[in-house]
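Each chain, written out:
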Amino acid sequence: MSDIFGSDFISILDEDGNEFKLEHIMTIDLNDEMYMAFLPADMDEQDEDYGTVLLKVVEQDGEMEFVTIDDEAEEQAVYDKYMELLFQDDVPEPFPEDLSDQ
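Residues numbered from 1 in each chain as written. Predicted model: local features only at pLDDT ≥ 70, side-chain atom pairs only at ≥ 80, totals over all residues. Heavy atoms only, no water.

1. Remarks on the nonpolar core
Taken as a class, soluble globular proteins show a tendency for nonpolar side chains to be buried jointly. Our working rule: Nonpolar core, defined: a set of buried Ala, Val, Leu, Ile, Met, Phe, Trp, Tyr and Cys residues in which side-chain atoms within 4.5 Å join the residues together. Only protein chains enter the accessibility calculation, which uses a 1.4 Å probe; a residue whose area is less than 20% of its type maximum is buried, one above 50% is exposed, and one in between is partly exposed. Segments assigned H or I by DSSP are reported as helices when at least four residues long, segments assigned E as strands when at least two residues long, and all are numbered from the N terminus. Should any heavy atoms of two residues lie within 4.5 Å, those residues are counted as being in contact.
If you look at the biggest cluster of nonpolar residues, it comprises nine residues: Met26, Ile28, Leu30, Tyr35, Ala37, Leu54, Ile69, Val78 and Tyr82. When residues of this core are traced back to their parent elements, those giving at least two are β2 (19–30), β3 (33–40) and α1 (72–87). Among the elements that take part in this core, β2 stands out by supplying three residues, more than any other. In contact with Val78, other than residues within four places in its own chain, are Ile28, Leu30, Tyr35, Leu54 and Ile69.

What follows is the structure, encoded as structure tokens:
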């Protein structure tokens, strides 16, 4: 799944046989399940359908497979965790109290 530049790309087929290339941007562990966040690698960022793709990772017959998240509550929980992880570095750390008093 990786190339010489360090990014991870996959190709997936939808139920109609259409192939999509996705770039892996984050792995999310939630409630003992694994999910992965991707961005379309073969779509213009200005396209109205461009955006994060969240898929659940399941093991089937010893192989890792990506499946859509069909449950709305599960999808919302994964999205919330994704947003939390995405922006955790953007949160400013609290300014330390005046250290001269210590």
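2. Let's talk about the packing of aromatic side chains
Defined as follows: Pairing of aromatic side chains requires ring centres within 6.5 Å, counting the rings of Phe and Tyr and the six-membered ring of Trp. Pairs whose planes differ by under 30 degrees are stacked, by over 60 edge-to-face, and all others tilted.
Under the defined criterion, the tally for this structure stands at two aromatic pairs. Judged by centre distance (5.5 Å) and plane angle (90°), the ring pair of Phe38 and Phe66 falls under edge-to-face. With Phe38 in strand β3 and Phe66 in strand β5 (residues 63–67), this residue pair connects regions lying 28 residues apart in the sequence. Judged by its relative accessible area of 0%, Phe38 is buried. Judged by centre distance (6.5 Å) and plane angle (45°), the ring pair of Tyr79 and Tyr82 falls under tilted.

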